[in-house]
Amino acid sequence: MPSATKIFVLDTSVILYDANAIHNFEEHDVALPITVLEELDHFKKGSSVINLQAREFIRSLDQLSDHNMLREWIPLDGHASGRLRVISSEEEAGDATEVFGAKKNDHRILNAALGLARREPGRRVILVSKDISLRLKARALEIAAEDYETVRIRDVDHLYRGKSELAVEDSLVGRLHDSGGVPLASLPLAEAEQPLPNHYFVLRGPGSSALGFHDPASGAIERVVKETAYGITPRNAEQTFALHAVLNADVPLVTITGPAGTGKTLIALAGALQQRRRYRQIYLARPVVPLSNKDIGYLPGDIKSKLNPYMQPLWDNLGIIKGQFGDRDRDGKRLDEMVEQEKLVVVPLAYIRGRSFSNICFVVDEAQNLTPHEVKTIITRAGESTKIILTGDIFQIDTPYLDAQSNGLSYLIDRVKGNPLYAHVNLDKGERSALANLGSSLL
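The shown structure was predicted, so the numbers you read here are calculated from the model rather than taken from an experiment.

S.K.: What should I look at first to understand the packing of helix H2 (residues 34–43) against helix H5 (residues 105–119) in this one?
M.R.: Helix-helix packing is characterised by the crossing angle of the two axes and by the distance between the axes. Closest axis-to-axis distance for the H2/H5 pair is 8 Å, and the angle between their directions is 145°. Between H2, through Thr-35, Val-36, Glu-38 and Glu-39, and H5, the contact on the second element is made entirely by Asn-105, Arg-108 and Ile-109. Tallied by class, residues from the contact of H2 with H5 come to two nonpolar, two polar and three charged.

S.K.: Explain the pairing of strand S1 (residues 7–10) here, please?
M.R.: Remark: a regular strand shows side chains that alternate across the two faces of the sheet. Side-chain alternation along S1 places Ile-7 and Val-9 on one buried face and Phe-8 and Leu-10 on a second face that is also buried. Where S1 and strand S2 (residues 29–33) come together, three bridges link them in parallel fashion. Its bridge partner being in S2, Ile-7 is matched across the sheet by Asp-29. Handedness of the crossover is the feature at issue here: the chain leaves S1, passes through helix H1 (residues 12–17), returns alongside S2, and the resulting connection is right-handed. Of the strand pairs in this sheet, S1 and strand S5 (residues 125–128) are connected by four bridges, and their pairing is parallel. By the bridge assignment for S5, Val-9 is matched with Leu-127.

S.K.: Would you mind showing me how to read the sheet that holds strand S9 (residues 200–204) here?
M.R.: Adjacent strands of a sheet form backbone hydrogen bonds with each other and so pair up, either parallel or antiparallel. If you walk across this open sheet you meet the five strands as S7-S9-S10-S11-S8, and the pairing is mixed. The sheet terminates laterally at strand S7 (163–167) and strand S8 (181–183), the two strands that pair on one side only. On average, adjacent strands in this sheet sit at an angle of 30° to one another, irrespective of strand direction. Where S9 lies against strand S10 (residues 209–214), five bridges are found, and the strand directions are antiparallel. When the sheet's bridge partners are listed, Val-202 is paired in S10 with Leu-211.

S.K.: I'm lost on the packing of H5 against helix H6 (residues 132–140) in this one. Help?
M.R.: Interaxial distance between H5 and H6 falls to 11 Å at its minimum, and their mutual angle equals 45°. When the axes of H5 and H6 are compared, the pair comes out oblique. As H5 packs across H6, the resulting crossing turns out to be right-handed. Between H5 and H6, the contacting residues are Asp-106, His-107 and Leu-110 on the first element and Leu-134, Lys-137 and Ala-138 on the second. Across the contact of H5 with H6, the residue classes break down as three nonpolar, one polar and two charged.

S.K.: Explain the environment of Leu-269 here, please?
M.R.: Looking at where Leu-269 falls in the secondary structure, it is placed in helix H9 (residues 264–274). Overall, the relative accessible area of 2% leaves Leu-269 in the buried class.

S.K.: Sorry, what's going on with the pattern of salt bridges here?
M.R.: For side chains of opposite charge, pairing can occur when their charged atoms come near one another. Enumeration according to the criterion identifies 16 salt bridges in this entry. Note that Glu-165 is salt-bridged to Arg-204, the shortest N-O span being 2.9 Å. Taken together, the residues span a long stretch of sequence, with Glu-165 in strand S7 and Arg-204 in strand S9 at a distance of 39 residues. The class of Glu-165 is exposed, set by a relative accessible area of 51%. Its relative accessible area of 41% is what places Arg-204 among the partly exposed residues. Between Glu-337 and Arg-330 there is a salt bridge, with the nearest N and O atoms lying 2.8 Å from each other. Judged by relative accessible area, Glu-337 falls into the partly exposed class, the value being 25%. Note on Arg-330: relative accessible area 46%, which makes it partly exposed. When salt bridges with common partners are traced through the structure, they connect Arg-161, Lys-163, Glu-238 and Asp-428 into a single cluster.

S.K.: Just to check I follow, could you spell out the pairing of S5 for this structure?
M.R.: Covered by surrounding structure in S5 are Val-125 and Leu-127 together with Ile-126 and Val-128, the residues of both alternating faces. Pairing analysis gives three bridges linking S5 to strand S6 (residues 144–146), with the strands arranged parallel. When the sheet's bridge partners are listed, Val-128 is paired in S6 with Glu-146. As a crossover connection, the stretch from S5 through H6 into S6 is right-handed.

S.K.: What exactly am I supposed to notice about H2 here?
M.R.: Since one α-helical turn is 3.6 residues long, residues separated by three or four positions face the same way. Along H2, the residues that are buried comprise Thr-35, Val-36, Glu-39 and Leu-40. Taken around the axis of H2, the buried residues stretch over an arc of 140°, which confines them to a single face.

S.K.: Would you take a moment to explain the environment of Ala-436 for this structure?
M.R.: Summarising the element assignment, Ala-436 is placed in helix H14 (residues 434–442). With a relative accessible area of 29%, Ala-436 lands in the partly exposed category. Sequence spacing of Ala-436 and Gly-261 is 175 residues, and the spatial spacing of their C-alpha atoms is 7.0 Å.

S.K.: I tried to follow the sheet that holds S6 on my own but got confused; where do I start?
M.R.: Judged by pairing direction, the sheet is mixed, and its six strands sit side by side in the order S3-S4-S2-S1-S5-S6 without closing on themselves. A strand with exactly one partner marks an edge of an open sheet, and here the two such strands are strand S3 (74–75) and S6. Running at roughly 65° to S2, H2 makes contact with S1, S2 and strand S4 (83–87) of the sheet. Packed on one face of the sheet, H6 meets S5 and S6 and runs near 165° to S6.

Rules of the game
Residues numbered from 1 in each chain as written. Predicted model: local features only at pLDDT ≥ 70, side-chain atom pairs only at ≥ 80, totals over all residues. Heavy atoms only, no water. Axes fitted to C-alpha atoms, helices over the stretch in contact; angles between N-to-C directions. Helix = DSSP H or I, 4+ residues; strand = E, 2+ residues; numbered from the N terminus. Contact = heavy atoms within 4.5 Å. Nonpolar A, V, L, I, M, F, W, Y, C, P; charged D, E, K, R; others polar. Buried < 20%, exposed > 50% of the residue type's maximum accessible area, 1.4 Å probe, protein only. Pairing = 2+ DSSP bridges. Right-handed = clockwise from strand over helix to strand, strands pointing away. Parallel < 35°, antiparallel > 145°, perpendicular 65-115°, else oblique. Left-handed = near helix turned anticlockwise from the far one by under 90°. Salt bridge = Lys/Arg side-chain N within 4 Å of Asp/Glu carboxyl O. Arc of directions from axis to C-beta.

Written as structure tokens, this is what we have:
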């Protein structure tokens, strides 16, 4: 093996983030400290995302080779042309323990990397970890350390926002109001500024304004009219755009982002309920992010009782929608009937693997706490006539090893923008209350 190839030592956090990580280092070799396998064995039990990743990786490792990976490098299958080996830290000098003082698994991983570097003096050994603290410790021991960036968004500050504002003549606004659409060429756009499919516009003239979107079917700018969905009326232009995307039958994949209080979840739920006759069922879900890394299994009761604490924000928003109607109003009572008849169902994301959802409207809240792998799992479950709506704030991450650049929602927006089957809207203006806006802006 040429000395120009590197050896990447993977930490447990990388595997829990991406079960296919070992195949993403091209011609370079990948080393797994045996401590990582021990930690994965601990993580394999449970129903959260990291448990699924651990199980998937262990299964793939079992199928990879019958050879003794502790004694020899084995070739990796697939597009990666490098090799894989499991390395032990037990026989190495305890450099990390001597420096940092405690016998921890992280230090055993560092010792394994140090030992490998001594055995391979002509090659560059790099520790790859999602754990910032471990990377800092590695550099203190003069071990090269990097974040796992295979699915990392480089410039999250310029992530696609789905909408823009244009200064136009009043005559163009009048034509859009009168005819319902205008040719794309009539907008004052440079060739490099041509809009993506389903991109939204606020068109402002000196004395008038209008809302529009780029319809990929007609290629024109079509007028967007403010609609009411199941008692909920948008309060600003961007909420109007988001509801339009949710109600658009030609767009089966929608993402809505924005800070707390901007109405993401409420708009998604109201739009889903408005289309209840179009779908067999409406599924609601949020990633389960347990406290203290405990799985929901430690909570008492059946699966419904275990999930209720995590799903309460969804019920709160449904309560707001129900509150738009009187006690005797048929639409208000219909919500209770939909829950009782399982037309409206809360589902745990951990149990959707292997299923196929046909004729379903699937609303996933807090999607920023999903990994790219889980977002892919959700979308690939979509059968015929299914719509998926994901909402979240990419700057409010509750899951370890995820951030604004590496979470599944940011990854999805960056990769799928421009597809005619997809629409995205970022909400900026808080509408929860003046007090909520004060806290969001000043605290």
